[in-house]
Every structure is written in structure tokens, then in C-alpha cells.
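Next come the chains, spelled out residue by residue.
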Amino acid sequence: MEIASSRYQPPAPVSPARSAGSSQNDPNSTLTSRVHATKAPSESARRSSSAEDNAMYKSLKVYQGTYRGGAAQDLAKSTRIDAILNRLSENEQAALIDNNPMLFDDDFIHLAEEMSDDQLSQFVAIASALQTIPLVESAHQSRAYSGTNEVASLINELFEMDADTRSRVLDKAEKYAEQVVRRPSSQLTYDTQSIGRFHTDGATANDLFNFNKAISGSDDINGLLDQLAQFDEHQQTQLLGLLRRDNALGSRMMDQLEGRAPEAQSPILDFMSELDTTRKFHMKYDATGVTRSVLDFDNNGYEVIVGMMEDTVSLLENYRFDDEQLEQMGNRLKQLERSDQRAYLAISKTGFETLLGDITDTGKQIDLSKHEEALETINDLRNNAQVRDLVFRSRMGEESFENGTRYYEQKSLGQAHRDVEAMVRFLTTDGWLNHRLEDSSAHVAQTNRLTMRLTDMDAEQRDQLVEDLNRLGQDVHPITELSDAALKETYDALFDRTTSIANVDDLSTLADAEAKTQPGLRDAFWQATELAGERVDDVLKILDENGPEIRQRLIETLAEQASETASGQKTRSEVDEDLRKLINFFKEDHRNDDKLSYINQAFAAH
């Protein structure tokens, strides 16, 4: 590393201070006029003052680097500083004077005396490299960067370390310092070449700056160094970026990736590093409903990005993914746009909690290899673009159009989080029931149909519906712990409704039909519509076109068939065939008595 040569020397001899009396012979002096009322000091006092001044100046020693200097007044201290400087080359002497704000500090002098010659040279190179402004901050933060402060921080940390730890830190910091491009000082210009060079040079200082910050923020420096050593150089660079921003979060990430296969570590670190470099600004949320925004208005907001990073680390802490699962999740997150990333993480976090429970209740990490069906359910949801879109929309209010652009009312941050969580709980519950309840009319397309219906609804109506449906299926235990019988008992009412909503073509028709049904028959109504499956619109048409007696009898009969199917007395295919014939019968004109008679015998045993 090329550094200018040093210059440090004692000051030139100082003439004795001129006395007040001698100023009378100086025509340019006004001292006498200003002090005429003051008695001149005695000759002995003048001699004493002059002797003290001479003694002070004789003990003062000035040290001059290339562009910075300083002085030590204490003879014993300057002797110690001389001994330190004499262990260095001329270039290193200049660099130490220029780049060390604590050159005259007792702690640094003591530290330097403890260092070997090689370590002292390492420190000088590191302190010089820390003067280059890194390219890891915003423009405002870059302008506020102080290499002086960074060196002072490093000295404070090194002073507190034992010899072995200090040696390890200096060795690693020196490697990062060797990467830093140092150019001679010149007047700042704003031409394209200079700006490009500033950015290029700054990028070479990132690792050293991040490492210095990571060291200053760590409670266990040896542990930090040990963990970093388990990752390759590129991964260490990514981890140092995380540690600089949030030492605790970066340490937690290392804890979870430690010992993993590199192909599992890299995608997650790539994703986290990309997030780390894009958090830009703090958002202001308007909960009054007056402010309208585009759907992704806060995608790079500081709070959003930090929340995504926290959710990612928490997922790894709470659930044990094997290397293949971790690699797949990391690669998927890297491929998605920011809006989809947010929804993917929300589905993962709340979805796993819904199915497997909150780890805070047990304090033990959940091994996903023992819950393959739960993982499959969550994968089906978070890998579904339609589901992700619905989850992402749930954080916003009513939609409107202006000049060809869609705008949405802003909810409060708390309400947005609650509505997203409610939507994910609802979709996760339905997805799990769809996997488990084999005797229902649900099928593989149910999730897409259900999300399509909900997406088409107004935001307020959708939020209320999801809240009402979630209340129908609540249990103190995680869903995966419930037997099939317990699932039916707890969630049948919910699943009847979700399946009906998924299968109906016109949701308003379904809502109107429920409203016309007397309260005592509401549960039976939903059993009937669930049993109808994809024929639900035909059943709703029959209910709409006939009087109360026929409506009631049809609802009761279909509910009875649903119960018999659930108990295994009949197969769904048998009931479906009878229902097809009943629908065809009602397409023709018949008297009410004939209709009632047909309903009574339509599902009789064959």
C-alpha cells in the first residue's frame, strides 16, 4: 500500500517572550496604552515566566505526517511515541500520524507497545484503508462517514482484546484492507470518470468497513470469527453486510446456516443480502382511508424489508428445513418479485403456525421432515400465484381506478397485518381440510376457485367474510394434531361454506339464498350446498324458483344425504347421480305436490 513519507520533528527554538516594558521602544506597540494603569511585573517575575515558557517549548514535540500533525508536550509520552514510530518505515510513520486520531492517547500507546512489529504494521495499513468511504450506505450516510471515527472504534476494540483475539482480528482486517483501492488525495470533481472511480473505489472498502462494524457490535468476537470461517469468502461478505446493519440478526442467521450444505446456504444468503441492500426509506401509513396508493407502494420501505428479514430468520429458527427444502425455498424467494416475496413469507409464517402451532408455546424447533403433509399444504399455497396475489391484496382497502391506474385505500399498519394473517389462516385451514376430508365435494381446483371468488369481492366485504368464517373453525390445538373425526367436528361448518363459495358461479346468489333461509335451517343449507358441489348453481336456482315449503324440504333432504355420506352409509357418487336426476326433474314444469313427492323419494335406497 503506497503511503507518502513522514515528517516529524521538534519545533524550532522559541525566542523569550517579550516583556511589557520592552514594548515602549516599539512604535507599533499599543500594549503600554492598554496597560498604563497596571504595574509592570518585576524583573524576577519576567525571568520566571520566560523560564517556564522555555521549559514548556523544550518539552513539546511536534509530529507531522503527510497532511496531519500533532504535538506531545509530555517528554515521557513523546519518548514512547518515538519508540513506536521508530519500529515503522517512513511511509508507515506518516500513515500512522495521518490516520490515527488517538496517536497521543495513553490507551493507544499502551496497545501499540503490546503489539509486535508486524501487528503494528498491520494496524497502520488497516487505519489507512479505513479512510476510503465505503459504498454501502445512502448518499447522506456516505457524506457523514468518518474514517477517523472508524479507526478510533477499532482501537477501542483492540485495546479490550486478549493477545490471541487481537491477532486474529488484525489478520482478517488486513486481508480486507489489502482489497481497498487508495488513490492520492485530489480536488473532488463531478465528471463521469471521477464519479465512477469514487463508486468503484468505495466498493472495495465495503468488507473492511462491515468487518469493523461487526467486531464493534459483537459480544463474542472469537465466536464470530469461528462462525465466519465456516462460510466461503462470498458468503462471509454477505454475512458481514447483515452483521453491520443488525448484529443480532446476522448472528442468528449464521446460527441457522451453520453446518448446512453450501447449495442450501447460498440462496438464502443471496435473498437476505438483496433485501439488506434495498431497504431505503421509512414509510408513513395513513389509516384514515383518505390516502390511496398503488398496491406495491411500500415494497422497499425500511419497515417492510426489515420485517421480511426478521420473518426469514424466524422461519429457520422455528422450523427445521432439510438442505433440499431450504435450497428450494431460497431459490423460490430469489425468483419472485417483491410483492410475491412478501406474500410467500406471510403464507409461510402464519401457515406453519396455523398447522403446527406457535413455537413459543413449546420452545422447541419443529422438524418439518415429520410433517410432510403440512409442508405440502403450505407449498401448494405459497407457490400459487393466485393465492399470493390475494394475500398481498388483503393488506389494502377498497380499489378504485384513476387514469387507467388502480389505487387502494391504505389501512393502518396493524390492521393490514391482522387482515393478512386472517386471510392466510383461512386459506391454510381450507387447504388442509381439502387434503384431509376425502368425502367432500372439494377437489384440486378448489383453492384457485376460492381465491378467485374472494379476489372479486370488495375489500370490506371480503375482510368481514374471512373473519366470520375463521370464527367457525377455532381450536386450541394446531390443526395437524386433530384426528379426522375431530377435524369434522371442529371444521365441518367452515368447510361446507368454503367449498360452496368455491363452487358457485355467482357469490351474490349464494348470499341471497342464505339470507332467505330461516335461521334454524342455515347449517342445513350449507350442508346442502356443499353436497351439491359443482351443481350448486342448479340447486340455488331450484331454491329461488320455488316456494318456502319446497325450499325447506329440499334443504332438509340434501342435508340428510350429506350426513349419510359423511357417516359412510352412502357414497358421494351415488348421491351425486340422484341429485343430477332431481335437477333434471325440476327443469320441467310440475305441480308442487309432484315436486314434494319427488324430493321425498329421490334419494331412496336403490
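Computed from a predicted structure; not experimentally measured.

Colleague: Sorry if this is basic, but what is going on with the overall build of the protein chain here?
Modeller: A count of helical and extended segments in the protein chain gives 31 helices and eight strands. By the burial criterion, 45% of the 606 residues in the protein chain qualify as buried. In the protein chain, of all internal contacts separated by at least 6 residues, the share reaching a separation of at least 24 is 73%. Surface exposure of the protein chain reaches about 30400 Å², of which carbon and sulfur atoms provide 46%.

Colleague: Could you clarify how one ought to interpret the confidence of the model for the protein chain in this entry?
Modeller: Detailed reading of the predicted model is not advised wherever pLDDT is low. Here the protein chain averages 85 in pLDDT, while 82% of its residues score no lower than 70. Contacts for the low-pLDDT stretch residues 1–39, under 50 throughout, to residues beyond four places or in other chains number 51 contacts. Across residues 184–199, confidence stays below pLDDT 50; counting only partners more than four residues off in sequence or on other chains, it has five contacts.

Colleague: Teacher, can you tell me more about the nonpolar core here?
Modeller: General note: in soluble globular proteins, nonpolar side chains tend to be found buried as a group. In this structure, Phe123, Met253 and Val391 are the most contacted members of the largest nonpolar core, which totals 151 residues. In this structure valine 391 touches Ala343, Ala346, Ile347, Val420, Met423, Val424 and Leu427, once residues within four positions along its chain are discounted.

Colleague: Is there a simple way to explain the environment of leucine 315 in this structure?
Modeller: In this structure, leucine 315 sits in helix H16 (residues 302–318). As a C-alpha pair, leucine 315 and leucine 345 span 30 residues in sequence and 8.8 Å in three-dimensional space. When neighbours within four sequence positions are excluded, leucine 315 is seen to be in contact with Phe321, Leu345, Ser348, Lys349 and Phe352.

Colleague: Got a minute to help me understand the environment of leucine 554 in this structure?
Modeller: Take leucine 554: it is sitting in helix H29 (residues 548–567). The class of leucine 554 is buried, set by a relative accessible area of 1%. Dropping the residues within four chain positions of it, leucine 554 is found in contact with Ile542, Leu543, Leu582 and Ile599.

Colleague: I would appreciate a short explanation of the packing of aromatic side chains in the present structure.
Modeller: How two aromatic rings sit relative to each other is set out by the distance from centre to centre and by the angle between their planes. For the structure on display, the rule yields nine aromatic pairs. For the pair phenylalanine 585 and tyrosine 598, a centre-to-centre distance of 4.2 Å together with 5° between the ring planes defines the contact as stacked. A residue pair is termed long-range when its members are at least 10 positions apart, and phenylalanine 585 in helix H30 (residues 572–586) and tyrosine 598 in helix H31 (residues 592–602) qualify at 13 residues. With respect to burial, phenylalanine 585 and tyrosine 598 carry one shared label: buried. A network of ring pairs unites the aromatic residues Tyr319, Phe321 and Phe352 as a single cluster. One Lys or Arg, arginine 292, reaches over the ring of tyrosine 407 and ends 5.2 Å from the middle of that ring. Just above the ring of phenylalanine 392 sits the side chain of arginine 395; from NZ or CZ to the centre is 4.4 Å.

Colleague: Hey, could you run me through the pattern of salt bridges in this one?
Modeller: Opposite charge on two side chains makes pairing possible when the charged atoms of those side chains draw close. By the definition in use, this model includes 36 salt bridges. Here aspartate 340 ties to arginine 388 by a salt bridge, and the two come within 3.0 Å at their closest N and O atoms. One end of the pair, aspartate 340, is in helix H18 (residues 338–356); the other, arginine 388, is in helix H21 (residues 385–393), with 48 residues separating them in the sequence. For the salt bridge of aspartate 419 with lysine 411, the shortest nitrogen-to-oxygen distance reads 2.6 Å. Since its relative accessible area comes to 13%, aspartate 419 is described here as buried. Judged by its relative accessible area of 12%, lysine 411 falls in the buried class.

Colleague: Teacher, can you tell me more about the side chain of glutamate 530 here?
Modeller: Along the chain, the position of glutamate 530 falls in helix H27 (residues 522–532). Exposure remark for glutamate 530: the relative accessible area of 5% places this residue in the buried category. For glutamate 530, the side chain forms a polar contact with the side chain of arginine 572, separated by 3.5 Å.

Colleague: Hey, could you run me through the packing of H29 against H30 in this one?
Modeller: To characterise two packed helices, one gives the angle between the axes of the helices and the distance between these axes. Running from N to C, H29 and H30 point in directions that differ by 165°, and their axes come no closer than 10 Å. As the angle between them shows, H29 and H30 are arranged roughly antiparallel. Handedness of the crossing formed by H29 with H30: left-handed. Contacts from Ile550, Leu554, Leu558, Gln561 and Thr565 of H29 reach H30 at Arg572, Val575, Leu579, Leu582 and Phe586. In terms of residue class, the contact of H29 with H30 is built from seven nonpolar, two polar and one charged.

Cut-offs and rules
- Residues numbered from 1 in each chain as written.
- Predicted model: local features only at pLDDT ≥ 70, side-chain atom pairs only at ≥ 80, totals over all residues.
- Heavy atoms only, no water.
- Helix = DSSP H or I, 4+ residues; strand = E, 2+ residues; numbered from the N terminus.
- Buried < 20%, exposed > 50% of the residue type's maximum accessible area, 1.4 Å probe, protein only.
- Contact = heavy atoms within 4.5 Å.
- Areas by Shrake-Rupley, 256 points an atom, 1.4 Å probe, with all protein chains shown as cover.
- pLDDT = per-residue confidence, 0-100.
- Core = buried A, V, L, I, M, F, W, Y, C linked by side-chain atoms within 4.5 Å.
- Phe/Tyr/Trp six-rings, centres within 6.5 Å; stacked < 30°, edge-to-face > 60°.
- Lys NZ or Arg CZ within 6 Å of the ring centre and 35° of its normal.
- Salt bridge = Lys/Arg side-chain N within 4 Å of Asp/Glu carboxyl O.
- Polar contact = N/O pair within 3.5 Å; in protein donor to acceptor, adjacent residues only side chain to side chain.
- Axes fitted to C-alpha atoms, helices over the stretch in contact; angles between N-to-C directions.
- Parallel < 35°, antiparallel > 145°, perpendicular 65-115°, else oblique.
- Left-handed = near helix turned anticlockwise from the far one by under 90°.
- Nonpolar A, V, L, I, M, F, W, Y, C, P; charged D, E, K, R; others polar.

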